[in-house]
Amino acid sequence: KLLGDALARDPGLRDAYKYLGYAYTKIKKSAAAIEAFKKVLNRDPTDGNTRNWLVWAEAKGRLEKSLSDPVAYYRLAETNVYDAEFKDAIVNLRQARELGYDTLAVKKMLAVAEQGLKGKSDYANGDLWYNRGDYRQGLGYYERALTAYQAIAYLDGEITARSSIAWCHLALFE
């Protein structure tokens, strides 16, 4: 209601459409969500997060029509990878493959998701060692995480890993 009121006063509020679309996805109104996200993208076609939400809403809309739609699962996996939800991406990619989606495309994205998952695991291990005060061991895991993230061009992961590597070097007085 509040978003609707805000848009009635000023239909140019891009963020209001974004959050309205997100709210529609939460109550399983995919068509309305898609419409709201498209309004945002008409104003700002470079908004990657809204584009990702649009793809997600479209995939959910497809699944509302048929739970055996391989394209929907593949598209969900794309959004999972974008959001660094690598475990969910792997589940959706396996479902897409099982339903007959293009094997090569699934294989390529599965490799990205598995590499991302490895990076997250290495990063978590780095945190464990760092928090125990073993900065050298933590450093090794953070460096492996950085390598994994670089291999899939996961920029947020790279930044986080580099920051943790720097903290390890500071703790080791290097």
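Within any chain, residue numbers begin from 1 and follow the written order of that chain's sequence. At least 70 in pLDDT is required for a residue's local features to be given in this predicted model, at least 80 for side-chain atom pairs to be given and counted, and no such filter applies to totals for whole chains, interfaces and linings, which use all residues. Computation of side-chain values covers all heavy atoms of the structure but excludes hydrogens and water.

Some words on the pattern of salt bridges
Each reported salt bridge corresponds to a side-chain nitrogen of Lys or Arg within 4 Å of a carboxyl oxygen of Asp or Glu. The final tally for this structure, using the stated rule, is six salt bridges. For Arg-62, the salt bridge goes to Asp-69, with nearest N and O atoms at 2.7 Å. Residue classification places Asp-69 among the buried residues on the basis of a relative accessible area of 13%. Of the charged contacts in the structure, one is a salt bridge between Arg-75 and Glu-78, with a shortest N-O distance of 3.1 Å. Of the two residues, Arg-75 and Glu-78 both sit in helix H5 (residues 70-82), three residues apart, roughly one turn of that helix. Working definition: with a 1.4 Å probe on protein chains only, accessible area under 20% of the residue-type maximum means buried, over 50% means exposed, and in between means partly exposed. Using a relative accessible area of 25% as the deciding quantity, one classes Glu-78 as partly exposed. Working definition: helices are DSSP H or I runs of at least four residues, strands are E runs of at least two. Numbering for both runs from the N terminus.

Things to note about the packing of helix H3 (residues 30-43) against helix H4 (residues 48-65)
Packed helices, taken two at a time, are described by the angle between their axes plus the distance between the axes. Their axes nearest at 9 Å, the elements H3 and H4 cross at an angle of 160°. It follows that H3 is roughly antiparallel to H4 by the angle criterion. Crossing of H3 against H4: the hand is left-handed. Only Thr-50, Arg-51, Trp-53, Leu-54, Ala-57, Glu-58, Lys-60, Gly-61 and Glu-64 of H4 make contact with H3, whose side of the interface consists of Ser-30, Ala-33, Ile-34, Phe-37, Lys-38, Val-40 and Leu-41. Residues are grouped as follows: nonpolar covers Ala, Val, Leu, Ile, Met, Phe, Trp, Tyr, Cys and Pro; charged covers Asp, Glu, Lys and Arg; every other residue, Gly included, is treated as polar. Looking at the contact of H3 with H4 residue by residue, the classes come out as eight nonpolar, three polar and five charged. All axes are obtained by fitting lines to C-alpha atoms, using only the stretch in contact for helices, and the reported angles, taken between N-to-C directions, cover 0 to 180 degrees. Orientation categories follow fixed angle ranges, with anything under 35 degrees roughly parallel, anything over 145 roughly antiparallel, 65 to 115 roughly perpendicular, and all other angles oblique. When the near helix sits turned anticlockwise from the far one by under a right angle, the crossing is termed left-handed; a clockwise turn instead gives a right-handed crossing. In what follows, residue pairs with any heavy atoms lying within 4.5 Å of each other are defined as contacts.

Section: helix H9 (residues 155-171)
Multiplying 1.5 Å by the residue count of a helix minus one yields the expected span of that helix. The end-to-end C-alpha distance of H9 is 24 Å, a good match for the 24 Å that 17 residues give at a rise of 1.5 Å each. Among the residues of H9, those classed as buried are Gly-157, Glu-158, Ala-161, Ser-164, Ile-165 and Cys-168. What you see down the axis of H9 is that its buried residues fit within an arc of 135°, all on one side. Facing away from the buried side of H9, by more than 90 degrees, are the exposed residues Leu-155, Asp-156, Ile-159, Trp-167 and Leu-170. Looking at the buried side of H9, the elements it contacts are helix H7 (103-131) and helix H8 (135-151). Looking one or two residues beyond H9, the residue adopting positive phi is Phe-173, at roughly 60°. The directions from the helix axis to the C-beta atoms form the arc being described.

Remember that the coordinates give geometry; whether it matters functionally is a separate question.
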